[in-house]
Amino acid sequence: MGAIRNDRSRFGNLVGMKVGRGVSTLFLLVVGMSWLTTSAFNAVQAAPAKISFSRDILPILSDKCFKCHGPDSESRMVNMRLDSPEGAFADRGGKWPIVPGQPSKSLVVKRITAHEMPPTFSGKTLSKEEIATITQWIAEGAHYGKLWSFESLPASVPVPNVKSNWPRNDIDRFVLARLIRENLSPSPPAPRERWLRRATYDLTGLPPTEDEIAAFLADTGANAYERVVDRLLASPHYGERISVDWLDAARYSDSYGYQSDLLMPTWPYRDWVVKSFNENLPYNQFLMNQLAGDLLPSPTRDQRLATAFNRLHRQSNEGGSIAAEFKNEYAVDRVDTFGTAMLGLTVGCARCHDHKFDPITQREYYQFYAYFNSINEYGLLLSSEIVPTPSLLLPTPEQEAKLGKLRSESDAALRARDQAGKDAEPRYKHWLAGRPVRAETPDVVAHISLDTIDADKFPSSVGKAFGAKLGNVELVPGKSGKAVEFDGDNGITVRGLPAKERWEAFTWSFWIADPRQTGPVVLLHRTGGTDVGFCGFDLMLENGYLTARVMRHWPGNAVAIRTQSQVPKSAWSHIGWSWDGSGRAAGLQLYIDGRPAKTTIIVDQLWKKINGYGDLGPSGGDWAFGQRFRDAGFKGGKLDELTFAQRALSPLEITQLYDGVPLTAVLKSPAIGLREYYISALDEQARSAQAAVQKAQTDLANFEEGIMEISVMQDAPTPNPAYVLRRGQYDAPRTAENRVTRGVPKSLPALGSTTRNDRLALAKWVTRPDNPLTARVAVNRIWQMLFGVGLVETSENFGIQGSRPTHPELLDYLARHFIDSGWNVKELIREIVLSSTYRQDSVRTKKLIDADPLNRLYARGPSLRLSAEMVRDTVLAASGLLNPKMGGPPVNAYQPAGIWTENNGMTPQFVQSTGTELYRRSIYSTWKRTSPVPSMLIFDANSREACTVRRPTTNTPLQALVLLNDVQFVEAARVLAERVLQMNTGDAARIKTVFVRLAGRSPDARESVLLMQTFIEQRRQFRLDPDSARRLISFGDSKADSALNPVELAAMTVMVQTVMNSDAVIWKR
Amino acid sequence: MRPEDKRMRIDDLVGLTRREFFGRAAQGFGALALASLMPSWVLGDDTKVNGVLGKLHHPAKAKRIIYLFQAGGPAQQDLFDYKPLLNKMHGQPLPEAVRHGQRLTTMSAHQSVIPLAGSPFKFAQHGQGGAWLSEILPNIAGVADDLCFVKSMFTEAINHDPAITFFQTGSQIAGRPSFGSWVSYGLGTMNEDLPTFVVLASVGKGDQPLYSRLWGSGFLDSRYQGVRFRAGKEPVLYLSNPDGICGSGRRAMLDRLSELNRHEYEKELDPEIESRIAQYEMAYKMQTSVPDVTDLSKEPNEVFELYGPDSRKPGTFAANCLLARRMAQKGVRFIQLYHQGWDQHGSLVSGISVQCKDTDQPTAALIKDLKRLGMLEDTLIVWGGEFGRTSYSQGPLEPAVFGRDHHPRCFTVFMAGGGVKAGTTYGRTDDYGYNIADPDGNAMEPTKQDFTNGAVHVHDLQATLLWLMGVDHKLLSIPYQGRDFRLTDVHGHVVEDLMQ
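Scope of this entry: the structure provided in the associated data block. These numbers were taken from a predicted model, which means no experiment stands behind them.

1. Some details on the pattern of salt bridges
Any two side chains of opposite charge can pair, given that their charged atoms come close.
Moving on, step 1. Overall, the coordinates contain 105 salt bridges over all chains when judged by the stated rule.
Moving on, step 2. Of the charged contacts in the structure, one is a salt bridge between aspartate 255 of chain B and arginine 251 of chain B, with a shortest N-O distance of 2.8 Å. Within this pair, aspartate 255 of chain B and its partner arginine 251 of chain B are both found in helix H9 (residues 247-268), separated by four residues, close to a single helical turn.
Moving on, step 3. With a relative accessible area of 35%, aspartate 255 of chain B lands in the partly exposed category.
Moving on, step 4. For aspartate 295 of chain B, the salt bridge goes to lysine 298 of chain B, with nearest N and O atoms at 3.7 Å.
Moving on, step 5. Lysine 298 of chain B gets classed as exposed once you look at its relative accessible area, which sits at 69%.
Moving on, step 6. Each member of the salt-bridge network shares a partner with another, and the members are Arg1001, Asp1004 and Glu1007 of chain A together with Glu264 and Lys267 of chain B.

In structure tokens:
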């Protein structure tokens, strides 16, 4: 019985075993050879004279040893750690893991040379060279040091002095110095057309136009290249191009990602990113705005909008979800994304335990977490329309003006209502002087005694409303006559009552007997939402305290008050709840036993409408007592004598409903509250002032409804506590002992003194010039964008397990230069693109194929397949279909029908865009997480479900099928064919134009011949079956030029397709 | 650059040639093209594979997997896990001692009573092994002796999206490679002109959604993602030539394209261009091989009778089972089926009956069919959902409307073929069907950290399935974001007792 392999116990045994052999003399031989085999190819520095801990040793120890002998104390074996000198040099009863200078006395050397370590089942082995390197390091004194990326950037980086006129700038000097060491020399410059195409794609994501090519070829001036680069950097398409990489990192998407994958309205963030790059916002500010724009002094709207970065994680609305679990996941996602995108660290590894390799403890992980968990969010969402709070309204300038007007009208209406109350004094006196003998409570539209039931209906003594049972409720003796007793699952609704929206005033009056449940239970509600509704009105009871809420999205968009004292336990108590429709907490009032209750305001910010959304559960959208779908009901509670008025009744009227003393009796001895009664109930002017308040609220809420809203960051007034969560689980114990405060890992520069230790402090820390990671990570990603691979290949991980930089000094030089330039992204790109390194031709030679197949040394220029976006944008641009409109809501480009909904009946229908909207740049396509555009995914775009900073580049048959058969590509081919057939030239010139437009250069003789043959063959084919030609040219939404011969057009279309599918187009070289 | 390139960072000169091939050219050639270069039978060794592993860790019992995923969470109490006590205590509240403080979803957590619900279906024992099965699985009952039941599965997630993502990718968090893509990455292909990893989903079922991440490649290359086959005219997206392009016209165009690319290669010497040429040939082949494999019309009548009347309707579970068998014959390595509709929160009796009608006969037919063809022994079939269901009723306990909520603490999956121990049952639950129990019926609290005899965590099942495929789950990994990622995260134990 049992499982195969239990590594923990076996490992322990192995470690405990005695080893007899000493160090073989063989090693000394191997040491000498160790660098021969690794130098040329492996990205590590060329043969060093002396072992460097950071460069040579740490990678080996980390990959092969630290899992069991590293920073994580929980997984540490035999209590031996090799990540610190203290651990490695420790006396273990006359044995030492490492004895500096004496490999033969070092336990580590014994174990690894005997091949006992690492153990077989770890799946790790040490090569002879690695063993030799470690041995040599120990022989040299076993000097420990920091990982290179944690070392601060030097104040200046010396540029190698190379004697050559090849370098144009310092980048080239670093690259050439390395090439010389490797006995390689740079490639000749790429042909002008090739460089132009490369640079145009890299900087704008689009192919160069015929005019641009011609202009550049004709420009023989000294600064022709510079002129092109400046033109490209100034192009609005620059922002669209460079944003794609950041949007991958920011996991930007247009849908929420879980289960029903509803659409997430967050495109203004995408537009902000594009705009920021186009305006060349300094990169430190770019990061700071996204991390903590809301906390900057008097933040601009854009700065607050930028913080949406932290809210782009997936969000769930799946039924049955526990909000606390998802709230935790969201905070975790924020931390992990921050770690990868900004610091290049895999901090996420420390969520469940101390990081196995990097110096980040689990406690430090939750110190980061503490910066990101402190917003008032619910944890689940309800619908695409109701934006999870905290959120920001983004009115257009016109909306802004109208909104200001409506808000001041609403304020004015409230002031006018106050004034009307004051002005009513003479009228009140006049009314009193008239000695009224009868007074009533107007506006009562229902009174249900619950004493009689007829065909499952509880009749009302006034109006048309009636009570209805929701499932079984017991009839029991009540405050007067009969009452109902609830079982927690069932309740009663009152059908036919008004007050669905926030601007409608109302009063509820009823009697309850509270059995005193400790958790919050639903007393009364009119809410929507599939699960626990949090959209509408409700009255909750928790341990005797009442909470009245008016909500669109709890807790950020609501008004709510809570009583300061309890209702009596078990005894009949009278409850009154009034709302004046004013949209403010002051308009909510609670009464217990006829007196206004002292309350605390919990939240007082409400915008847009509150009701009429979502699945309303069994209450069907009516007012309901004692239960709510999937919520805790008023179990064991009793209810009697319901009264509803469509006005916020005055206190006197509530008292009357409580004590039953008729108002007429009160009039005989005028009591406190009579004035308020008169104003509220009788005075015509005051009543119309109240109606004006409600009207102003109606106008305001209805108008707000149409305003774009986006989830952003906004800190809770007091920080939410954070705890080290055992195994990263949301429901792990939260105790005083494991509570953590905000902070940064000890292995990185200290936070320094801050007045407030909040996200802004963190943002400042990240962008401080002495943060060793941020600038290195940023320049590396730019390098990756231009060369396909970063100087550090693992652009997502600058930790110990990440790869070493191929050109560490160059990386540091670029990072230093970047900071000193004021984090100037355009300048950095300009420098790289104009370097001789970048200008080289990318053609391979036999020598280079052998010496550096992956081009990590840059003896040739970069060559890369176009990205998914570039592939599609190229055919749109070359055909002239491209609609260059920037920004705005996402559009739905072509995709095979039914993909969104074929296995997801909960998700919205895909409605393909029409007209020119169909031909927008791919960055503006709807990115739907659970169902990304398949043609984009096939070309290695990612689903944006999680932060990604590197895309793979594959080459698969499915890509061929997309390019050959997808309507987008066939249609674009036809449109381009039309363009050239409309030209007044011969077919050869037409073919040339097609080629230039798509491949950015003229075809050579062989290519021209092949393409002409293609055209002729295809024409022959279509002549045999002209109907097939007609069918081909009618593929796609746009209509073919009917003046053209269908056979000619079809044949030319296939010719264009041939070009479109060729390497010359799909790769930039 | 692919993360796996890092693997071979320090390599000898011979290895570098290999790296140039695998690390760069192979990216281009993709799994399919690789196959045409190095079909496994040419390798002349049973343990050699053309995925990144190169060689299996041990001889495989199963060459391929057909995973019949039952999305939504089938109710084990009404299908496999016979619990007479529930019928006896029908309507009584679930004892607190049995629930033991375990969390519930918010769909039933606030219910004022949680009444135990007996199964309305009759159970009987079947086969030599005496497996208890519900009356609504008559055909599966007929092959009971081919099945290996695990009644003590457990998982961590309680909501569908995280739970199915966990089952299919080893993590509740999105972004990890799916099971099939791991197999595709590690083992590579066994055919020349079909994908390695194919996905089929029953059409028109509604209910809990499926997501492309379930067959996505996560941080592996996108060439390892599952290829979704759809019912209808175009079984694979973008497969068909546009209307108006005939076969010979396309062939002529591809020939010219190939010449064009070859010309480019001569100038650039980039192996990617060669691989590009191969990809177009592969795509062209797929245009024939895919319609071939999906064309059921040549199947004899008795096969349709075996799979049931639905097998003639494209896109049904029955048709997909038959299609899966055809793909298995053609050497597709990982065939992932999905059947939605098992989320019986209410109206369980009618709902689950429909589900069984959809799936019972085709599942049994697939097993019989493979057996008949001699393929069952090296084809691993898995049947199960993302979690189980509660032994209590969600909502009122009335015959027509009662349902069961999600239950991650114990549920049943079964396997057949591929080296599993046929005719057996592994693990048990307590008499309430609420907790995994020891052989005496006492509730246990297994965790994923340590293997508990008699309990199978999701990672344990994944580890076991990989083991049957000849793979040590701990050694099929890829360095990403600073650590070695694998399907089983840092957990998983191979459950020997499930194997022959």
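Additional details are given in the paragraphs that follow.
2. A word on the interface of chain B and chain A
Moving on, step 1. Taken together, the contact between chain B and chain A spans 109 residues of the former and 121 residues of the latter.
Moving on, step 2. Surface buried jointly by chain B and chain A totals about 10,000 Å² across both partners, of which 53% is contributed by carbon and sulfur atoms.
Moving on, step 3. Inspection of the region where chain B meets chain A yields 15 salt bridges.
Moving on, step 4. Taken together, the links from chain B to chain A amount to 52 residue pairs in polar contact (both at pLDDT 80 or more).
Moving on, step 5. Listing elements by their share of the side of chain B that touches chain A, those giving two or more residues are helix H1 (13-37), helix H7 (160-169), strand E6 (227-229), H9, helix H10 (271-294), strand E17 (483-486) and strand E18 (494-495) of chain B.
Moving on, step 6. Considering each element in turn, the side of chain B that touches chain A owes the most residues, 15 residues, to H9 of chain B.
Moving on, step 7. The class makeup of the residues in the side of chain B that touches chain A is 43 nonpolar, 34 polar and 32 charged.

3. Some thoughts on the side chain of asparagine 1061 of chain A
Moving on, step 1. When you line up the elements, asparagine 1061 of chain A lands in the loop between helix H37 (1046-1060) and helix H38 (1063-1066).
Moving on, step 2. At 2.6 Å, the side chain of asparagine 1061 of chain A forms a polar contact with the side chain of tyrosine 280 of chain B.
Moving on, step 3. Look past the residues within four positions of asparagine 1061 of chain A in its chain and what remains in contact with it is Ala960, Leu963, Leu964 and Ile1066 of chain A together with Met253, Leu257, Asn261, Arg276 and Tyr280 of chain B.

4. Examining the sheet that holds strand E5 (residues 466-470) of chain A
All names here are of chain A.
Moving on, step 1. Strand order in the open sheet made by the nine strands is E4-E5-E8-E18-E10-E11-E12-E13-E17, with antiparallel pairing throughout. The open sheet has two edge strands, strand E4 (457-459) and strand E17 (599-605), and neither has a second partner. When strand polarity is set aside, the average angle formed by the axes of neighbouring strands in this sheet is 15°.

Calculation criteria
All residue numbers refer to position in the chain's written sequence, counted from 1. Lettering of chains starts at A and numbering of ligands starts at 1, both following the order in which they are written. Reporting in this predicted model follows two pLDDT cut-offs: at least 70 for local features of residues, and 80 or more for side-chain atom pairs to be given and counted; totals over whole chains, interfaces and linings ignore these cut-offs and use all residues. The basis for every side-chain value is the complete set of non-hydrogen atoms in the structure, without hydrogens or water. A pairing counts as a salt bridge when a side-chain nitrogen of Lys or Arg comes within 4 Å of a carboxyl oxygen of Asp or Glu. The helix count covers DSSP runs of H or I at least four residues long, the strand count covers runs of E at least two residues long, and both are numbered beginning at the N terminus. A simple rule labels every residue: compare its accessible area, found with a 1.4 Å probe on the protein chains alone, to the largest value its type can have, and call it buried under 20%, exposed over 50%, or partly exposed in between. Residue contacts follow a heavy-atom distance rule, with two residues in contact if any of their heavy atoms lie within 4.5 Å. By buried area we mean the combined loss of accessible area, with a 1.4 Å probe, across both parts when two parts are placed together. Throughout this description, a polar contact denotes any pair of N or O atoms lying within 3.5 Å of each other; where both atoms belong to protein, one of them has to be capable of donating a hydrogen while the other can accept it, and for residues adjacent in sequence the pair is counted only when both atoms sit in side chains. Classes in brief: Ala, Val, Leu, Ile, Met, Phe, Trp, Tyr, Cys and Pro nonpolar; Asp, Glu, Lys and Arg charged; the others, Gly included, polar. A pair of strands is considered paired only if DSSP assigns at least 2 bridges between the two. All axes here are fitted lines through C-alpha atoms, helices being fitted over the stretch that makes contact, and every angle between N-to-C directions spans 0 to 180 degrees.

Remember that the coordinates give geometry; whether it matters functionally is a separate question.
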